[in-house]
Structure formats: structure tokens, C-alpha cells
Amino acid sequence: MSDYSINVITQNPNKNISYDILTNATNYIKGVLQADAFYIKTFEYLIFVDSGTHLESIKCPYCHDEINFEWWNIAMEKAYKTHFVDLEIDLPCCHNKTSLNDLNYDFPCGFSKIKIEIINPVQELSKENIYQIELLLDCPIRIINTHI
């Protein structure tokens, strides 16, 4: 049987949150969810938090055309070389500018310097849980469901 995780990241990829605040949010999550494990992870540079095997398509946020994975991989490799400091891209479909963080991933993905990882949760986070986590972290969050 494969593992599944819920990853809580910030909407703003460059948002820094203190370890104490992350601990408070994680303790809240531990109080409302049963899971195999809970981890707080912080990173010096941005990381890409993906949906694992769930990711099957990526679409343009403007014209909604599907983005070719080969093109996306090249854009990701270029951004990775600078530790994802610059996520800005020129879209191949409509030539608008956007961020790799703002593409429409069919299962949410995103970039962040922090991550609260919940391994094999028994249930999902409710809208109320997400709202409470946002209050504790003092910022909007993105939930990334990852099939490992």
C-alpha cells in the first residue's frame, strides 16, 4: 500500500514563518486529525511541493490551454538552477507572463519555504480547519495532496 500525505504550504512562496508559529499550527492539526505522523519542514530555498502521481495535466491560467510537460520540465529546470528565486515564465500558448506557482495544476502544487506534512491522515482537513490554520499562520495557505 502506498502512502498519502497532506502538505500545508503558504500561498505566497516566499513567506517565512517562525518555527514556533509552525509548531502551534501543527499542534492544532494534531488535535483535529488522526495520522501516522506530522512533520514541520523549513527550507533555506524554495521547494516545489507536488501532488506526486496525481499530477496529470497543467493548464494556462489565462487561456486554459494545456501546457506540454516537456516545456514545463524545461521551465522548471531553468528555475531550479537559481533555487527557484525567479518563478516568472512566458507562457507558450498565449505569451502572457505568469509564475510557475500560478499555473493551473490539475491537482494543486506549489512552491514554499515551509511545509507541514501530514502522513496518511484518516480524513481530510475541513474548510473550518483550513481557516483556523490560516489564522494561526497569519497567511493564506495551499493544501497539496500527495500520493507517494
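Residues numbered from 1 in each chain as written. Predicted model: local features only at pLDDT ≥ 70, side-chain atom pairs only at ≥ 80, totals over all residues. Heavy atoms only, no water.

Focus: the sheet that holds strand β8 (residues 141-147)
- Taking strand neighbours across the sheet as the criterion, the four strands line up as β2-β7-β1-β8 in an open arrangement whose pairing is antiparallel. The open sheet has two edge strands with one neighbour each: β2 (37-49) and β8. When strand polarity is set aside, the average angle formed by the axes of neighbouring strands in this sheet is 25 degrees.
- On the sheet, helix α3 (residues 127-137) packs against β1 (4-10) and β8 and is oriented at approximately 120 degrees with respect to β8. (Pairing = 2+ DSSP bridges. Helix = DSSP H or I, 4+ residues; strand = E, 2+ residues; numbered from the N terminus. Axes fitted to C-alpha atoms, helices over the stretch in contact; angles between N-to-C directions. Contact = heavy atoms within 4.5 Å.)

Considering the state of the cysteines
- Applying the stated criterion to the full structure yields zero disulfides.
- Looking at C60, it has no disulfide partner, and the nearest cysteine sulfur is the one in C93, 3.6 Å off.
- Here C60 falls in the buried class, since its relative accessible area comes to 0%.
- Note on C94: no disulfide assigned, nearest cysteine sulfur contributed by C60 at a separation of 3.7 Å.
- Given a relative accessible area of 25%, C94 falls into the partly exposed group. (Disulfide = S-S within 2.5 Å. Buried < 20%, exposed > 50% of the residue type's maximum accessible area, 1.4 Å probe, protein only.)

Thoughts on the side chain of S99
- On the secondary structure map, S99 appears in strand β5 (residues 97-99).
- A distance of 3.0 Å separates a polar side-chain atom of S99 from the backbone nitrogen of N101. (Polar contact = N/O pair within 3.5 Å; in protein donor to acceptor, adjacent residues only side chain to side chain.)

Focus: the packing of aromatic side chains
- Scanning the entire structure with this criterion turns up seven aromatic pairs.
- Ring plane angle 50 degrees and centroid distance 5.9 Å describe the contact between F48 and Y105, whose orientation is recorded as tilted. Of this pair, F48 sits in strand β2 while Y105 sits in strand β6 (residues 104-105); the two residues are 57 residues apart in sequence, bridging distant segments of the chain. Here F48 matches Y105 in class, with each residue buried.
- Aromatic ring contacts, followed pair by pair, group F48, F69, W72, Y80, F84, Y105 and F111 into a single cluster.
- One Lys or Arg, K41, reaches over the ring of Y39 and ends 5.7 Å from the middle of that ring. (Phe/Tyr/Trp six-rings, centres within 6.5 Å; stacked < 30°, edge-to-face > 60°. Lys NZ or Arg CZ within 6 Å of the ring centre and 35° of its normal.)

So, unusual backbone geometry
- In this model, H83 sits at a positive phi of 60 degrees, which is unusual for a non-glycine residue.
- Owing to a relative accessible area of 39%, H83 belongs among the partly exposed residues under this scheme.
- We note that F84 has phi near 60 degrees; this positive angle belongs to a residue other than glycine.
- One can find F84 in the loop between α2 (69-80) and β4 (88-90).

A word on the layout of surface pockets
- The volume enclosed by the largest pocket comes to roughly 220 Å³.
- Along its surface, the largest pocket is lined by W71, I74, A75, K78, A79, T82, D86, L87, E88, I89, D90 and L100.
- Mapped by element, the contributors of at least two residues to the lining of the largest pocket are α2 and β4.
- Per element, the largest residue contribution to the lining of the largest pocket is five residues, and it comes from α2.
- Looking at the lining of the largest pocket residue by residue, the classes come out as seven nonpolar, one polar and four charged. (1 Å grid on protein atoms, 1.4 Å probe; cavity = no way out; pocket = protein on both sides within 12 Å on 5 of 7 lines; lining within 4 Å. Points joined across faces, edges and corners; volume = space filled by probe spheres on them. Nonpolar A, V, L, I, M, F, W, Y, C, P; charged D, E, K, R; others polar.)

Points about the pattern of salt bridges
- Following the criterion strictly, the structure yields three salt bridges and no others.
- A salt bridge links E117 to K41; the nearest nitrogen and oxygen atoms lie 2.8 Å apart. Taken together, the residues span a long stretch of sequence, with E117 in strand β7 (residues 110-119) and K41 in strand β2 at a distance of 76 residues.
- Among the charged side chains, a salt-bridge network with shared partners connects E88, D90 and K97. (Salt bridge = Lys/Arg side-chain N within 4 Å of Asp/Glu carboxyl O.)

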